[in-house]
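Notes for the structure review
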Amino acid sequence: PRLALYKNGTRRIWPPLRFGIGVFRHLLVHGHRYDRVHLCSFPYFALLAAALLWPLQRYSLAVDWFEVWTRDYWRDYLGPVGGRIGWWVQKLCAKVPQQPHCFSRVHAARLRELRGRDDVIMLSGLYNGAEGSGLSQAASPPTLVYAGRMIPEKRVPLFVEAVALAVVEEPALRAIIFGRGPE
């Protein structure tokens, strides 16, 4: 069932944990049918579930790393104890046998340091629309979209400020924001 990700402005642990349990159950039963499992590093429970079953099921892992947080960031985000646990879990996930993909040089460098290996593949985007893909041309009027959690770390107010500046150059520009959160 759909579960609320936040309670009183604080992120809840149960929804991503439940997702990880679901991934574990699926791969336990069906993992032998896969040659490769491609997933996102966060929430970490799904990656840990896939890694736990990897020796049994023999698929390879490809992992998208959108962010790799520093120790200080973890501490600021979860406090001294929770921050240490978060850092340790992230480091454990980085050590999992995988083909890691990053979208940012900063996060790729952090991941290389955590992994102790230089095997991170840098990607320039999730999908750049190959010719003949059937995707429509650019929107008219030009449209910027934000879709995500509205938390301080995502800096949604900065997006709004940037749109206000861009409208000066492109008056027809519009923006759409999707998401929920304290911001």
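We now turn to the structure provided with this report. (Residues numbered from 1 in each chain as written. Predicted model: local features only at pLDDT ≥ 70, side-chain atom pairs only at ≥ 80, totals over all residues. Heavy atoms only, no water.)

1. Looking at the packing of helix H2 (residues 44–57) against helix H3 (residues 71–95)
At a minimum axis separation of 10 Å, H2 and H3 run at an interaxial angle of 25°. Put simply, H2 runs roughly parallel to H3. In the crossing of H2 with H3, the sense of the turn from one axis to the other is left-handed. Residues Tyr44, Leu47 and Leu48 of H2 form the contact with H3, whose participating residues are Trp74, Val89, Gln90, Leu92 and Cys93. For the contact of H2 with H3, the class distribution of residues is seven nonpolar, one polar and no charged. (Axes fitted to C-alpha atoms, helices over the stretch in contact; angles between N-to-C directions. Helix = DSSP H or I, 4+ residues; strand = E, 2+ residues; numbered from the N terminus. Parallel < 35°, antiparallel > 145°, perpendicular 65-115°, else oblique. Left-handed = near helix turned anticlockwise from the far one by under 90°. Contact = heavy atoms within 4.5 Å. Nonpolar A, V, L, I, M, F, W, Y, C, P; charged D, E, K, R; others polar.)

2. Topic: the pattern of salt bridges
Scanning the entire structure with this criterion turns up four salt bridges. With a closest N to O distance of 2.7 Å, Arg112 and Asp118 form a salt bridge. Note on Arg112: relative accessible area 26%, which makes it partly exposed. Where Asp119 meets Arg115, a salt bridge forms, and the shortest distance between an N and an O atom there is 2.7 Å. On the basis of relative accessible area, Arg115 is assigned to the buried category, the value being 5%. Through salt bridges with shared partners, a single network forms among Arg115, Arg117 and Asp119. (Salt bridge = Lys/Arg side-chain N within 4 Å of Asp/Glu carboxyl O. Buried < 20%, exposed > 50% of the residue type's maximum accessible area, 1.4 Å probe, protein only.)

3. Re the sheet that holds strand S3 (residues 36–40)
A sheet is described by the order of its strands in space; here four strands give the open sequence S3-S4-S5-S6, paired in parallel fashion. Each end of this open sheet is capped by a strand with a single partner; those strands are S3 and strand S6 (121–122). Two elements, strand S5 (residues 99–102) and S6, share two bridges in a ladder whose sense is parallel. Bridge pairing in S6 links Cys102 to Met122. (Pairing = 2+ DSSP bridges.)

4. Examining the environment of Tyr34
Turning to its location among the elements, Tyr34 is positioned in the loop between helix H1 (14–30) and S3. Discounting chain neighbours no more than four positions away, the residues touching Tyr34 are His26, Leu27 and Tyr59. Reaching out from Tyr34, the side chain makes a polar contact with the side chain of His26 at a distance of 2.6 Å. (Polar contact = N/O pair within 3.5 Å; in protein donor to acceptor, adjacent residues only side chain to side chain.)

5. What about the nonpolar core?
By size, the foremost hydrophobic cluster in this structure holds 28 residues, and its most contacted members are Leu27, Leu39, Leu47, Tyr59, Leu61, Trp65 and Leu111. When contributions to this core are tallied by element, the ones reaching two or more residues are H1, S3, H2, strand S4 (60–65), H3 and helix H4 (105–115). Sequence-distant contacts of Trp65, that is, excluding residues within four places in its chain, are made with Ser41, Tyr44, Leu47, Gln90, Cys93, Ala94, Gln98, Pro100, His101, Cys102, Phe103 and Leu111. Residues Tyr146, Met150, Val156 and Val163 belong to the second largest nonpolar core, which totals six residues. (Core = buried A, V, L, I, M, F, W, Y, C linked by side-chain atoms within 4.5 Å.)

6. With respect to the pairing of S3
Side-chain alternation along S3 places Val37 and Leu39 on a buried face and Arg36, His38 and Cys40 on a face that remains uncovered. With five bridges joining them, S3 and S4 adopt parallel strand pairing. Counted as the bridge partner of Cys40 is Asp64 from S4. For the crossover from S3 across H2 to S4, the handedness is right-handed. (Right-handed = clockwise from strand over helix to strand, strands pointing away.)

7. Remarks on H3
For H3, spanning 25 residues, the distance from its first C-alpha to its last is only 16 Å, which falls clearly below the expected 36 Å at 1.5 Å a residue. All of the buried residues in H3 are Trp74, Gly79, Gly83, Gly86, Trp87, Val89, Gln90, Cys93 and Ala94. Among the structural elements, H2, S4 and H4 are those in contact with the buried residues of H3. (Expected span 1.5 Å × (residues − 1).)

8. Looking at the packing of aromatic side chains
Inspection of the entire model under this criterion finds 10 aromatic pairs. Taking the centre distance of 4.5 Å and the plane angle of 65° together, the rings of Trp69 and Tyr73 count as edge-to-face. Residue classification places Tyr73 among the partly exposed positions, given a relative accessible area of 26%. Relative to Tyr77, the ring of Tyr73 lies with its centre 6.2 Å away and its plane at 15°, an arrangement referred to as stacked. Taken together, the residues span about one helical turn, with Tyr73 and Tyr77 both in helix H3 at a distance of four residues. By relative accessible area, which is 29% here, Tyr77 ends up partly exposed. An aromatic cluster of three or more residues is present, and its members are Phe42, Tyr44, Trp65, Trp69, Tyr73, Trp74 and Tyr77. (Phe/Tyr/Trp six-rings, centres within 6.5 Å; stacked < 30°, edge-to-face > 60°.)

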